[in-house]
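Structural features, examined
The primary structure of each chain is shown beneath.
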Amino acid sequence: NKRVRVHHLAAAKAAGERLTMLTAYDAPTARIFDAAGIDMLLVGDSIGDNMLALDSTIPVTVDELVPAVRAVARSTRRAMVVADLPFGSYEAGPEQALASAVRMLKEGGAHAVKFEGGVRVAEHVRLLAGAGIPVVGHIGFTPQSENMLGGKRVQGRGDDGAERLCEDAVALQDAGAVAVVLEMVPAPVAARVSEILHIPTIGIGAGPHCDGQVLVWLDMAGMGDWSPRFAKQFAQLGAALQQAASGYASEVRSGTFPAPQHSYES
Ligand code: KIV
Ligand code: NA
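Analysis parameters
- Residues numbered from 1 in each chain as written.
- Chains lettered and ligands numbered in written order.
- Predicted model: local features only at pLDDT ≥ 70, side-chain atom pairs only at ≥ 80, totals over all residues.
- Near = placed C-beta within 6 Å.
- Nonpolar A, V, L, I, M, F, W, Y, C, P; charged D, E, K, R; others polar.
- UniProt positions renumbered as here; feature names shortened; annotations may be inferred.
- Helix = DSSP H or I, 4+ residues; strand = E, 2+ residues; numbered from the N terminus.
- Buried ≥ 20, exposed ≤ 12 C-beta atoms within 10 Å, placed from the backbone.
- Contact = placed C-beta atoms within 7 Å.
- Arc of directions from axis to C-beta.

Moving on, we get to the site of ligand 1. Every residue near ligand 1 is listed here: Thr23, Leu42, Gly44, Asp45, Ser46, Asp84, His138, Val181, Glu183, Ile204, Val214 and Val216. Residues that form the shell around ligand 1 fall into these classes: 5 nonpolar, 4 polar and 3 charged.

This is the structure in structure tokens:
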């Protein structure tokens, strides 16, 4: 069994090997990213703005995520599949977090769950870890709280901000989290958090000193209609796909497709 498991995360950090994570929301992308050797696939609530044409992650529900988690889990052999707990599915308390996480594992086939917050969700993490459910934390900019945070803003700036971020990270680790996502955090602060923790940090807009990196796959592949500063485009898939669709349309219109080799004889 070559599945990436929680002990591999700690081992990678100890060995100084960087972890790779991408989002995936469906079977074809999960199959491709798994074949590419991506260590962890996140079925993120970013499915909302990236796949479901919603304005943010806030309206996303567990019912919407479960089929995506199932498609991703069934399409991987190696990657650890991490399911996001969407807004409203864990804030009421540890028991609610447990119920939502159980759905992600039982119905979705996820191997771990992720949810946002530090000290305020430490008890949630503790209950899940005790129940045998690996939890990935998520601190720094937390999109589900964007209304409170005042938009997409870098978090952990200044001495107080950095101190609070470190406290959140340590609280998650002490509660049993297996890794922590750091989103939109100044690079030196992310470096400090990565130094303090023995579990891996996975950065997004958090500089080069994290133990791993994560990106929304559409941002990474040039597939989105907008791309944040911290995302590098490693391909122009949107343009390539548009070209494929126009090529198809023009051959259908001109009658060059389908050719004899695409047709059946009587
Ligand atoms: O939902 C998501 O894609 C995420 C990552 C950006 C970390 O939470
Ligand atoms: Na998310």
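Having put the structure on the table, let's press on.
Next up on the list: the UniProt feature "binding site: Mg(2+)" (unreviewed entry) in the protein chain. Look at the UniProt record and you will see "binding site: Mg(2+)" (unreviewed entry) annotated at Asp45, Asp84 and Glu116. Over a stretch of 72 residues, the named residues converge on one spot in the fold, their C-alpha atoms separated by at most 10.9 Å. Counting through the fold element by element, Asp45 comes out in the loop between strand 2 (40–43) and helix 3 (47–51). Judged by C-beta crowding, with 30 C-beta atoms within 10 Å, Asp45 ranks as buried. Contact partners of Asp45, with chain neighbours within four places excluded, come to Thr57, Val60, Leu65, Asp84 and Pro86. For Glu116, the position within the fold is in the loop between strand 4 (112–114) and helix 6 (122–130). Assessed through the 25 C-beta atoms surrounding it within 10 Å, Glu116 is described here as buried. Residues within four places of Glu116 in sequence aside, it is in contact with His138, Thr142, Gln144 and Ser145.

Right, let's get into unusual backbone geometry. Geometrically, the link from Phe257 to Pro258 is a cis peptide bond, its omega value of 0° lying close to zero. Turning to its location among the elements, Pro258 is positioned in the segment after helix 11 (237–254). Of note, Ala53 is a non-glycine position whose phi angle comes to about 60°, a positive value. Inspection of the secondary structure assignment puts Ala53 in the loop between helix 3 and helix 4 (62–74). One non-glycine residue, Met184, lies in the positive phi region at around 50°. Structurally, Met184 is set in the loop between strand 6 (179–183) and helix 9 (187–196). In this structure Met184 comes out as buried when scored by C-beta crowding, with 22 C-beta atoms within 10 Å.

Before going further, it helps to examine helix 6. Listed as buried for helix 6 are Ala122, His124, Val125 and Leu128. Considered in projection along helix 6, the buried side chains sweep an arc of 155° and stay on one side of the axis. Turning to helix 6, the residues buried within the fold contact helix 5 (94–106), strand 5 (135–140) and helix 8 (158–175). A positive backbone phi angle near 85° is found at Gly132, which sits one or two residues after helix 6.

The UniProt feature table records "binding site: 3-methyl-2-oxobutanoate" (unreviewed entry) at Asp45, Ser46, Asp84 and Lys114. Over a stretch of 70 residues, the named residues converge on one spot in the fold, their C-alpha atoms separated by at most 12.4 Å. Relative to the helices and strands, Asp84 is located in strand 3 (residues 80–84). We classify Asp84 as buried; it has 29 C-beta atoms within 10 Å. Asp84 has contacts with Leu42, Val43, Gly44, Asp45, Leu65 and Lys114, leaving out every residue within four places of it along the chain.

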